[in-house]
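Letter by letter, the chains look like this.
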Amino acid sequence: MTAVVGILNKRGVAIAADSAVTRSRLRDEKITKNGNKMLRLSNCVPISVMITGSANFLTTPWDIVIRRYRQQRGDIRHKSVEECVDDVFNYIASNNIFWEHEWIESWIEYELEDIIKTVHKEIPEDVRSLSKRRPKTYLQHFTSNLNKLEKGWLKNGIAPQFEGYSSERFHEYAHGAIDNLFENHLDSQDELDDDNDCAEYSLILPIKERIESALMSYLTSKRKGGNRTQLIFAGFGEEDEYPSLIAAEVVGGFDNRVNYHISPENIVKINDKRPAAICPFAQSDVADSILSGVHKAYIARIKKEVKDSYGKIKSSGFNGRGDDAFDAKFFIMLRQVEVDDLLDKFNADFIQRKVNKRSVWEKTLKDYDLQSMASLAHNLINLT
C-alpha cells in the first residue's frame, strides 16, 4: 500500500503520506515500511515534494537526489513552483553522478528483451511452433505486433527532454546494449530450439534496425507503465500569491535526459475561481470514494451488470413479436439501441455527479485553517 495526499487553499498546503516505499533495480524489487516520501526542496521558499511509486531514479534513491538538490540549489528563490520543477529536472540531467552508464546499458538491454518477449508471445502459437519452417510468416507477425505496440507507446507523444532527439544519437548511445542482447541470444539459440516461449532472434535479426527504432520510441515516450515514480511538487514560489501543486510522471531516462511528463490535469493552481483542492495520489481509491460518495469498483460493477442484463433481455425479449403493431415497432426500435451508448451516457452523468460532489468538499475546504487541512490529510492516509 502506498498513498499520499495534498490539500490546498489560499492559506497554504497540507501534505501527508504513508511510509511504504518500493525500491527497484532491474528485476529486483523490495518494499520497506520506513521510507520518507515528503522532502523539502528549498531552504528559502516553501516548496516540498512527495514521492510515490519507485523510490529510485535509476540507481539513486529519490530522497538522496532531492537532498543533494537542496544542498546545492536550495538557496535559489524560485519565482514559482513550475520554475522549481524545471530546475530540479535540469539539475538531475546535468549531473553525471546520477547516470551510471554501465547500469543504464544493462537496463536498456533488459527493456529490449522484455519488448521482444512481449511481441513474440502475441504471435499465434502455431506460427511460433513452426517458426523455423515458416520464417517469413513469423517475421510478418512479429513486425505487425511490434508496430501495434509502438503505436500504443506513442499515442501520448514524446517526453519533453527527448523532443528532437535523433535516431542517430540513440544508435550511438544504445547500440552496444542492443548488439550484446542479440549476440547472447544468437549464441544460445540452439539450446532453445524447443522453447516455444523464446523469441527467434535469428529470424528477427534482419529487422534489427526496426526493433531499435521501436525501442527508442518506448524509452522516449510519455508512457505510464513499468517502473515509474510520481513526484508531487507543492507550495509557493516567491512571486506566487497562492499555492499550487504539480505532479510529474518519471520513467527513468538515459543519455543525461530524464523521461518525465506533466499532464494538464496534474497541475492544480489555487486562485479566486478555485479557492481549494484536495489531491490524492497512488492508492487513491479510499480518498476518492470519500470525495465522490461511491467506490469506483461499485460503479464498474453497475456498468457490467447493466451491460450483461441488457444483452440478455435484448437477445431473448426484443424479438419484435408484440401483441399489436405498436409493440412490434417498439421492439424494433429497442433492438437498434446500442448498450455502449447507454453506458457512455451513464458514465458521463456519473462523472458530472463526482465533480459536483467534489466541489462541495472544496467549498468547505476553502475555509479550513492549516491545522484542519493537515488533520484531514492525515486521516485520509490512515483510512487508506
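Computed from a predicted structure; not experimentally measured.

**Here we look at the overall build of the chain**
For the chain, the helix and strand inventory stands at 13 helices and 13 strands. The buried share of the chain, taken over its 384 residues, is 43%. Pairs at least 24 apart in sequence give 69% of the contacts found in the chain among residues at least 6 apart. Working note: accessible area of the chain is about 20500 Å², and carbon and sulfur atoms make up 48% of it.

**A closer look at the side chain of Glu-150**
Inspection of the secondary structure puts Glu-150 in helix α5 (residues 135-153). One polar contact links Glu-150 to Arg-210, side chain to side chain, over a distance of 2.3 Å. Excluding residues within four positions of it along the chain, Glu-150 makes contact with Arg-210, Ser-213, Ala-214 and Ser-217.

**A closer look at the packing of helix α3 (residues 101-121) against α5**
Running from N to C, α3 and α5 cross one another at 120°; their axes reach a closest spacing of 9 Å. The angle between α3 and α5 places the two elements in the oblique class. Crossing of α3 against α5: the hand is right-handed. Contacts between α3 and α5 pair Ile-115, Ile-116, Thr-118, Val-119 and His-120 from the former with Tyr-138, Phe-142, Asn-145, Leu-146, Leu-149 and Trp-153 from the latter. A breakdown of the residues in the contact of α3 with α5 according to their chemical character gives eight nonpolar, three polar and no charged.

**Side note on empty space enclosed by the protein**
For the structure on display, the rule yields one cavity of 30 Å³ or more. One number sums up the size of the largest cavity: a volume of about 40 Å³. Taken together, Ala-3, Val-4, Val-5, Pro-280, Gln-283, Ser-284, Ala-287, Leu-380, Ile-381 and Thr-384 make up the full set of residues lining the largest cavity. At the level of elements, β1 (3-9) and α13 (370-383) are the ones that each hand at least two residues to the lining of the largest cavity. At three residues, β1 tops the list of elements feeding residues into the lining of the largest cavity. Tallied by class, residues from the lining of the largest cavity come to seven nonpolar, three polar and no charged.

**Quick notes on the nonpolar core**
In terms of nonpolar packing, the biggest core is built from 64 residues, with Phe-57, Phe-89, Ile-92 and Phe-233 touching the most fellow members. Discounting residues that sit within four places of it in the chain, Phe-57 has contacts with Trp-62, Val-65, Ile-92, Phe-98, Trp-99, Val-250, Gly-252 and Val-258. Counting 15 residues, the second largest nonpolar core, distinct from the first, contains Ala-14, Ile-278, Ala-287 and Leu-291.

**As for the packing of aromatic side chains**
If you walk through the whole model with that rule in mind, you get 15 aromatic pairs. Taken together, the ring pairs connect Phe-162, Tyr-165, Phe-170, Tyr-173 and Phe-254 into an aromatic cluster. Sitting over the ring of Tyr-218, Arg-223 keeps its end group 4.2 Å from the ring centre.

**Structural notes on the sheet that holds β1**
What holds strands together in a sheet is hydrogen bonding between their backbones, with the strands either parallel or antiparallel. As summarised here, the arrangement of the three strands in space is β2-β1-β13, forming an open sheet in which the pairing is antiparallel. Because the sheet does not close on itself, it has two edges, and the strands there are β2 (12-17) and β13 (276-282). Across this sheet, the average inter-strand angle for adjacent strands is 10°, counted without regard to direction. Docked against the sheet, α13 engages β1, β2 and β13, running at close to 25° with respect to β2.

**Some points on unusual backbone geometry**
We note that Leu-58 has phi near 55°; this positive angle belongs to a residue other than glycine. Relative to the assigned elements, Leu-58 resides in the loop between β7 (56-57) and β8 (60-61). Despite not being glycine, Asn-256 has its phi angle at roughly 55°, a positive value. With respect to the helices, strands and loops of the structure, Asn-256 is situated in the loop between β10 (244-254) and β11 (257-261). On the accessibility criterion, Asn-256 (27% relative accessible area) is partly exposed.

The rules we used
- Each chain carries its own residue numbering, running from 1 in the written order of its sequence.
- Restriction of local features to residues with pLDDT of at least 70 applies here, the model being predicted, together with a cutoff of 80 or more for giving and counting side-chain atom pairs; totals for whole chains, interfaces and linings are based on all residues.
- Only hydrogens and water are set aside when side-chain values are computed; all heavy atoms of the structure are taken into account.
- The helix and strand labels rest on DSSP assignments: H or I over at least four residues marks a helix, E over at least two residues marks a strand, and numbering proceeds from the N terminus.
- Per-residue accessibility, obtained with a 1.4 Å probe over protein chains only, is compared with the maximum for each type, and a residue is labelled buried under 20%, exposed over 50%, and partly exposed between these values.
- A contact between two residues is defined here by any heavy atoms of the two lying within 4.5 Å.
- The Shrake-Rupley method, run with a 1.4 Å probe sphere, supplies the accessible areas, and residue values consider only the shown protein chains as cover.
- The definition of a polar contact used here is a pair of N or O atoms within 3.5 Å, where within protein one atom must be able to donate a hydrogen and the other to accept one, and adjacent residues in sequence count solely through side-chain atom pairs.
- Structural elements are reduced to axes, namely lines fitted to C-alpha atoms, with helices fitted over the stretch in contact, and the angle between N-to-C directions of any two is expressed from 0 to 180 degrees.
- Any angle from 65 to 115 degrees is called roughly perpendicular, while one under 35 is roughly parallel, one over 145 is roughly antiparallel, and all others are oblique.
- Left-handed describes a crossing in which the near helix is turned anticlockwise from the far one by less than a right angle; the clockwise case is right-handed.
- Only Asp, Glu, Lys and Arg are considered charged, only Ala, Val, Leu, Ile, Met, Phe, Trp, Tyr, Cys and Pro nonpolar, and every remaining residue, Gly among them, polar.
- Think of a 1 Å grid over the protein atoms and nothing else: a 1.4 Å probe that fits but is trapped marks a cavity, an open set flanked by protein within 12 Å on at least five of seven lines marks a pocket, and residues with an atom within 4 Å of a point count as lining.
- Grid points are joined across faces, edges and corners, and a volume is the space filled by probe spheres set on the points.
- Put simply, buried Ala, Val, Leu, Ile, Met, Phe, Trp, Tyr and Cys residues joined by side-chain atoms within 4.5 Å make one nonpolar core.
- Only Phe, Tyr and Trp rings are paired, with Trp represented by its six-membered ring, and only when their centres lie within 6.5 Å; those with planes under 30 degrees apart are stacked, over 60 edge-to-face, the remainder tilted.
- A ring is considered to have a charge above it if a Lys NZ or an Arg CZ atom is located within 6 Å of its centre and within 35 degrees of its normal.
- Two strands qualify as a pair provided DSSP detects at least 2 bridges between them.

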